[in-house]
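# Fold and contact review
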Amino acid sequence: MERVAIFVDVQNIYYTVKSCYRCHFDYTAFWTQVTANREVVYAYAYAIDRGDQKQMDFQRILKNIGFKIKLKPFIERSDGSSKGDWDIGITIDILDSVKDVDTIVLASGDGDFTILLEKIHNDFGIPTEVYGVSTLTANSLKNAAQKYIPIEGHLLKK
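Presented here is a report on the structure given in the accompanying data block. (Residues numbered from 1 in each chain as written. Predicted model: local features only at pLDDT ≥ 70, side-chain atom pairs only at ≥ 80, totals over all residues. Heavy atoms only, no water.)

### Some thoughts on the packing of aromatic side chains
Convention followed: The rule is short: rings of Phe, Tyr and Trp, with Trp giving its six-membered ring, pair when the centres are within 6.5 Å, and they are stacked under 30 degrees, edge-to-face over 60, tilted in between. A run of DSSP states H or I qualifies as a helix once it reaches four residues; a run of E qualifies as a strand once it reaches two. Both are numbered from the N-terminal end. The cut-offs for exposure are 20% and 50% of the maximum accessible area for each residue type, with area from a 1.4 Å probe on protein chains only; residues under the lower value are buried, those over the upper are exposed, and the others partly exposed. By definition, being over a ring means that NZ of Lys or CZ of Arg is both within 6 Å of the ring centre and within 35 degrees of the ring normal.
Following the criterion strictly, the structure yields 11 aromatic pairs and no others. Note on tyrosine 27 and phenylalanine 67: the rings are 6.2 Å apart at their centroids and 90° apart in plane angle, and the pair reads as edge-to-face. One end of the pair, tyrosine 27, is in helix 2 (residues 27–35); the other, phenylalanine 67, is in the loop between helix 3 (53–65) and strand 4 (68–73), with 40 residues separating them in the sequence. In this structure tyrosine 27 comes out as buried when scored by relative accessible area, which is 8%. We classify phenylalanine 67 as buried; its relative accessible area is 4%. Ring-pair connections join several aromatic residues into one group, and the members of that group are Phe25, Tyr27, Phe30, Trp31, Phe58, Phe67 and Tyr131. The ring centre of tryptophan 86 lies 4.8 Å from the NZ or CZ of lysine 72, which sits over that ring.

Okay, structure coming up:
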């Protein structure tokens, strides 16, 4: 059975789906699709912790689906801007997983992951799949993946 590692950039998926479709990503449909006939070795969802009840309920749903949640505190700077991306953490976890899996699945549209996916495929021979909102996913990321799956249709929850 094919061994898979799944990595979800929760903030990126939330904002791109909301911006493009004005609805939510269906994590259950996504899980069903990416795990079909596969053994899940790793499944991480990376999120920002604001500590509110609605967010904690969402994290509980993700855990019940099968994800391990990784949280980073929300940081608001004195100038009003905020920080809270997981790019480095996701990169480290993906690189750590390559020895144990046959396929890497990344849900994100962030072009910063392009070089990472190219390295995974070129240096380790591991195919990658990217799920992202088509119009808001970097073309370089789509091209770096061996398989690109647009988030649309049954992957959306109204």
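### Comments concerning the pairing of strand 7 (residues 103–107)
The criterion, for reference: Should DSSP find at least two bridges between two strands, the strands are regarded as paired.
For strand 7, a buried count of 5 out of 5 residues is recorded, marking the element as mostly surrounded by other parts of the structure. Side-chain alternation along strand 7 places Thr103, Val105 and Ala107 on one buried face and Ile104 and Leu106 on a second face that is also buried. Direction of pairing for strand 1 (residues 2–9) relative to strand 7: parallel, over a ladder of 5 bridges. Counterpart to alanine 5 in the pairing with strand 7 is isoleucine 104. Here strand 7 pairs with strand 8 (residues 128–132) via 4 bridges, running parallel. Following the sheet pairing, alanine 107 is matched in strand 8 by tyrosine 131.

### A closer look at the sheet that holds strand 7
This is how the line gets drawn: Axes here refer to lines fitted to C-alpha atoms; in helices the fit is confined to the stretch in contact. Angles between the N-to-C directions go from 0 to 180 degrees.
Strands sit in the order 4-3-1-7-8-9 across an open sheet of 6 strands; the sheet is parallel. Looking along the sheet, the strands with just one partner apiece sit at the ends: strand 4 and strand 9 (147–150). Direction aside, the axes of adjacent strands within the sheet are offset by 15° on average.

### Some thoughts on the pattern of salt bridges
As a reminder, the rule being used: One speaks of a salt bridge when a side-chain nitrogen belonging to Lys or Arg is within 4 Å of a carboxyl oxygen belonging to Asp or Glu.
Following the criterion strictly, the structure yields 7 salt bridges and no others. Between arginine 60 and aspartate 57 there is a salt bridge; the shortest N-O distance is 2.6 Å. Of the two residues, arginine 60 and aspartate 57 both sit in helix 3, 3 residues apart, roughly one turn of that helix. With a relative accessible area of 44%, arginine 60 lands in the partly exposed category. Where aspartate 93 meets lysine 70, a salt bridge forms, and the shortest distance between an N and an O atom there is 2.8 Å. One end of the pair, aspartate 93, is in helix 4 (residues 87–97); the other, lysine 70, is in strand 4, with 23 residues separating them in the sequence.

### Re the state of the cysteines
The test is simple: Cysteine sulfur pairs qualify as disulfides if the two atoms are within 2.5 Å.
Throughout the structure, instances matching the rule amount to 0 disulfides. No disulfide involves cysteine 20; its nearest neighbouring cysteine sulfur is the one of cysteine 23, lying 8.8 Å away. Judged by relative accessible area, cysteine 20 falls into the partly exposed class, the value being 34%. Owing to a relative accessible area of 6%, cysteine 23 belongs among the buried residues under this scheme.

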